[in-house]
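# Observations on the three-dimensional arrangement
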Amino acid sequence: MNTRLILHINGNEHSLPDAWHGRRLLDYLRHELSLMSVKEGCGEGDCGACTVLVDGEPMCSCLLLGGVLANRSIVTVEGLSDDHRQRFAQLCEQHGGLQCGFCTSGFTMMSAWLAEGGSETGQNSSDKLLAGNICRCGVYQQLKKVIADLL
Amino acid sequence: MTLNTADFRQRALTNARYTADLIPQNAIVAGVARSPHPHARIKNINTAGALAIPGVLAVLTAEDFEGIRLGHNDSDEPVLTTVARYVGDEIAAVAARDQQSLLRGIEALQIEYEILPHAITIDDALDLPTSIHDSCTDNITDRFQAARGDWYEIESQVDIWVDNTFETAAVPHAYLEPRAAVVHVKDDCLELVCGSHAPSMMADHYRPIVASWGSQLEIHTPAMGGSFGAKWQHSTHLICLLFAHRLQQDVAIVLSRRDDMIAGRTRAAMRFKMRIGATATGKLLAKETMLWSDNGAYSLHGPAVMRAATFRADSLYRFAATRSEGQLIYTNNIPSECFRGLGITQSTFAQEQLIDELAKRLNIDPIKLRKMNTVCEGETTIHGWQVGSCGIVDCLDSISNRINQYRRNQTSATNNRYRIGYGVAAFIHCIGNRGYDQHFDRAYVKLTAMPDGRIRISSGEVELGCGTVEVLIKTVSHELAIDPQQLDVVLGDTAIGPHGMGSFASRTSFFVAFAAEDACRRFNQMAQHELLQNIEVTGIYQPDNVVVPDESGYGNISAAYTFGTHGCCVRVDSYTGKVSVEQYWAAHDAGKIVDINAAEGQVIGGVMQGLGYALTECTAVDDNGQLLNPGYLDNRVPTFADAVPVDVIFADTFENSGPAGAKTIAEQPIIPVAACVANAVHDAIGVRLNRLPINPERVWRTLNHDTNS
Ligand code: FES
Ligand code: FES
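Residues numbered from 1 in each chain as written. Chains lettered and ligands numbered in written order. Predicted model: local features only at pLDDT ≥ 70, side-chain atom pairs only at ≥ 80, totals over all residues. Heavy atoms only, no water.

All names here are of chain A. Domain parsing of chain A yields domain 1 (5-78) and domain 2 (80-150). Each of domain 1 and domain 2 has a C-alpha centre, and the two are 20 Å apart. On the domain 2 side, the residues contacting the 19 residues of domain 1 number 12 residues. For the domain 1 face of the interface with domain 2, the top three residues by lost area are Thr51, Leu53 and Val77, together amounting to 37%. Seen at the junction of domain 1 and domain 2, the total is zero salt bridges. Applying the counting criterion to the domain 1 and domain 2 interface returns six residue pairs in polar contact (both at pLDDT 80 or more). (Domains from an automatic or database assignment. Contact = heavy atoms within 4.5 Å. Buried area = accessible area lost by both parts, 1.4 Å probe. Salt bridge = Lys/Arg side-chain N within 4 Å of Asp/Glu carboxyl O. Polar contact = N/O pair within 3.5 Å; in protein donor to acceptor, adjacent residues only side chain to side chain.)

As structure tokens, this is what we get:
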């Protein structure tokens, strides 16, 4: 069967080739579109390094198959406003919000979502909302400051 | 990687490229068939079925790597093995055009095993009727002994002994970026791209192997998503190199998280039997240690870690006599490897709990007891370490003040369900180790004037997020009076060099700062009579007051020593056994602090890792050696929700032998954490948790006198 499946990725329309319907969004973004900000830390939904926004909600791209995303809008760090990226990076520099940087794009996506007022529960529980993103270098305390300054 | 002042910003903008981001579109993919058995001889491998699969290009087995071993001094790890020694051991490798063919190829390999008796615990290994390596019949692969002082004389002066047995768990490094490697074929040179904290040392080991195939080798390290001591020699490198050589095409491998946890490395699990003797007034006199270290299946840095764990922590105090013995034991577990803090993290867990115990028994404040007994500036420790600057007393005082202040303002008191407790622990650590590799305890930094007028700083050392790049740029821009924007830094690229030892023992910033100063001196000298574009100079630093320690580990191994004290307040839920850390304080003597942000970041990050080690992380292995928790969900590393407030304090010290008075801060912050938490838990519930991790189940069982704890 040949259904034309459209994904809106970072504002552009992409017709998903058949071969990708049953494969991970993560691989499609990285291998086909070279969106290398999206990282694979675990492939099991545990670490958040692969976080993207799907219709504005943060999701693990390692857990999503291409075929279920018809007409959805997907945003990676590359698709965020330059403003937000620069501001997040500058705050990270100021507070030491990263070391190895492998978790950074996941946190950038979460910060974009929080900045959009994404969470219903409000800022106070951003710790809990961010608990799905692992930073093995352990700079959570610094990231808290980054997020607080950002919001 | 080429870095400059904008590098940190590039990582923050997520523009930095890690190994897996650099795989060419048409690269061949490689994968590994792993043993499902903890100990088994491979009787036969039939590769025909795999090779018949369209898309599968080649298969490698042990024969292809005959005579090649991985390891530091005691190289005992084959690239592909004929005897599986742990679940996950590499048996065969497959190269294919795409991932699907690769998986089918691995599946189609027919491997016949002859199962051998196996050992998952140290005791099992010592009783095992067979040996895990032919070369080691009793499974004890290394032994170490050190004795100082007149033991019997000192023993007779002891009024009080405290003793206990302590066990630490094996934990994975769990860096966020799984192991990956790419090999580019460039004429007769193979270029290996992979994250590593010691690329030059790795190249030294791999080059003769690759040369025997008729090829050259360079290693290029891109941005790295964490190593913590793990990313060093690994069979995946040689597998990709040989495939690339044979197929003359680029080859890549990326481990899944599961495979990375199964066949990555771990911090060695250890068991200590330790006792400390003192006078009735609290003067420490004697310490005796017996250590059994679980090496896992292969050695890597196992011997170095075991030795360090056996005796190094003693140097914090003025013991008059010590007796220490260590054994390194092969088991059918995941091979252990260096992990932030080497073995000191483990031995500090034992030592600092005994000191705490002694303080309780003598009814002396634990801070006071430590202050009475720690070494001081200008002293030589019992193991021959010449202590330069020493801020341990400052650190102890700061922690004492913070705890007292916090206690005064603390409203939540111990009640029937929740018990509040406070703990402290202290440590000593070196900033280098001449004993690690006596031929190469130095660093080089090269300065090259580039045709475009910029200056390139290159070094074989790498950036681990501790600020190596920062140190290089600051030093060079200051010494050459040049705008930092005009500087580029290339680290860990063996084609550009110069040789570097890599990040061991928290040595990097200390060593490169001096080497960079020397390079600048040479540069400025040459600039007086040479055209700028002709200048290329290499600076060198080798600490001159250090020695190779003797057989028993005696000698001044490091140019300076670092100290610190941690404190924490915990709340133990007696209904569930859960330990929550309410507040954490970390005081460090790292010499003069060059970059306060980076230094604080190292401390906070290290404390977080230490809390994972203390409370939740472990490799759970069943009786058959199967890893039960190869992922972040079940092997729980700290998350945002576990982040505790860490108050960082730096002692005001100046190290005369250090660059601009600095010492270093990298491994240190993880060292005392587990002991600090254990002491606080003891304070809260009155029972000592002498096994890691201190998880709810263990605490609950301890509280309920359940013998399975
Ligand atoms: S890679 Fe998707 S959650 Fe870890
Ligand atoms: S900075 Fe290394 S994982 Fe977060």
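The discussion continues.
Time to look at the interface of chain A and chain B. Across the boundary between the two partners, chain A contributes 44 residues, which contact 49 residues of chain B. Three residues, Gln99(A), Arg136(A) and Tyr140(A), lead the burial of chain A against chain B; their summed loss comes to 21% of the area buried on that side. A salt bridge links Lys39(A) to Asp21(B); the nearest nitrogen and oxygen atoms lie 2.8 Å apart. There are 21 residue pairs in polar contact (both at pLDDT 80 or more) connecting chain A and chain B. Only α1 (25-32), α2 (82-95), α3 (104-115) and α5 (140-150) of chain A provide two or more residues apiece to the side of chain A that touches chain B. With eight residues, α2(A) is the largest single contributor of residues to the side of chain A that touches chain B. When the residues that make up the side of chain A that touches chain B are grouped by side-chain class, the tally is 18 nonpolar, 15 polar and 11 charged. (Helix = DSSP H or I, 4+ residues; strand = E, 2+ residues; numbered from the N terminus. Nonpolar A, V, L, I, M, F, W, Y, C, P; charged D, E, K, R; others polar.)

Residues and elements named next belong to chain B. Taken as a whole and judged by the stated rule, the model has 37 salt bridges over all chains. One salt bridge in this structure joins Glu155 and Arg275, with 3.4 Å as the shortest N-O distance. Remark: Arg275 occurs in strand β18 (residues 269-278) and Glu155 occurs in helix α5 (residues 151-155); sequence separation between them is 120 residues. Accessibility expressed as a relative area gives 26% for Glu155, which makes it partly exposed. By sharing partners, the salt bridges in this structure join Glu155, Arg275, Glu288 and Arg323 into a single network. (Buried < 20%, exposed > 50% of the residue type's maximum accessible area, 1.4 Å probe, protein only.)

Bringing the packing of α3(A) against α5(A) into the picture now. All names here are of chain A. Across the interface, α3 lies against α5 with an axial gap of 10 Å and an inter-helix angle of 35°. As for how α3 packs across α5, the hand of that crossing is right-handed. Facing α3, whose interface residues are Phe107, Ser111 and Leu114, α5 presents Tyr140, Leu143, Ile147 and Leu150. Partitioning the contact of α3 with α5 into residue classes produces six nonpolar, one polar and no charged. (Axes fitted to C-alpha atoms, helices over the stretch in contact; angles between N-to-C directions. Left-handed = near helix turned anticlockwise from the far one by under 90°.)

A word on the confidence of the model for chain B. Low pLDDT marks regions whose predicted coordinates should not be analysed in detail. Across chain B, pLDDT averages 93, with 97% of residues at or above 70. Scored as a complex, the prediction yields pTM 0.95 and ipTM 0.96. (pLDDT = per-residue confidence, 0-100.)

On to helix α11 (residues 366-373) of chain B, then. Residues and elements named next belong to chain B. Among all positions in α11, only Ile367, Leu369, Arg370 and Asn373 are buried. An end-on view of α11 places all buried positions within 160° of arc, on one side of the element. Taken together, the buried residues of α11 touch β19 (284-296), α10 (344-362), α12 (392-409), β21 (418-430) and α16 (673-685). At the N-terminal boundary of α11, the capping side chain belongs to Asp365, with an oxygen 3.1 Å from the backbone nitrogen of Ile367. (Arc of directions from axis to C-beta.)

Our next topic: the sheet that holds strand β27 (residues 579-589) of chain B. Residues and elements named next belong to chain B. If you walk across this open sheet you meet the four strands as β21-β26-β27-β28, and the pairing is mixed. The sheet terminates laterally at β21 and β28 (646-650), the two strands that pair on one side only. Here the strands of the sheet are splayed against their neighbours by 15° on average, with no regard to which way each runs. By the bridge criterion, five bridges tie β27 to β28 in an arrangement that is parallel. Its bridge partner being in β28, Ala587 is matched across the sheet by Ile649. Against the sheet, α16 contacts β21, β26 (561-573) and β27, and its axis sits at roughly 150° relative to β21. (Pairing = 2+ DSSP bridges.)

All names here are of chain B. Looking at chain B, the domain boundaries give domain 1 (2-116 + 179-254), domain 2 (270-434 + 552-703) and domain 3 (443-541). When each unit is reduced to the centre of its C-alpha atoms, the spacing between domain 1 and domain 2 is 36 Å. Taken together, the contacts link 19 residues of domain 1 with 20 residues of domain 2. A combined buried area of about 1600 Å² lies between domain 1 and domain 2, and 56% of that area is made up of carbon and sulfur atoms. The largest share of the area that domain 1 buries against domain 2 comes from Asp76, Tyr86 and Phe228, three residues that together contribute 34% of it. Where domain 1 touches domain 2, the interface holds zero salt bridges. Of the residues assigned to the side of domain 1 that touches domain 2, the class counts are nine nonpolar, five polar and five charged.

Turning our attention to helix α17 (residues 696-703) of chain B. Residue and element names in this part refer to chain B. Along α17, the residues that are buried comprise Arg698, Val699, Thr702 and Leu703. Taken around the axis of α17, the buried residues stretch over an arc of 130°, which confines them to a single face. Just past α17, the residue His705 takes up positive phi, approximately 50°.

Looking now at the side chain of Ser235(B). Within the fold, Ser235(B) resides in helix α7 (residues 235-247). Setting aside its immediate chain neighbours within four residues, Ser235(B) contacts Leu70(B), Val79(B) and Glu90(B).

Residues and elements named next belong to chain B. Taking burial as the measure, the seven residues of strand β22 (residues 443-449) include seven buried ones, the bulk of the element. Residues Ala443, Val445, Leu447 and Ala449 point to one face of β22 and Tyr444, Lys446 and Thr448 to the other, with burial holding for every one of them. The pairing of β22 with strand β25 (residues 536-541) spans six bridges and is classified as antiparallel. Bridged to Tyr444 within β25 is Ile540. From the end of β22 to the start of strand β23 (residues 455-459), which pair antiparallel, there are five residues, and Gly453 there has a positive phi angle of about 90°.

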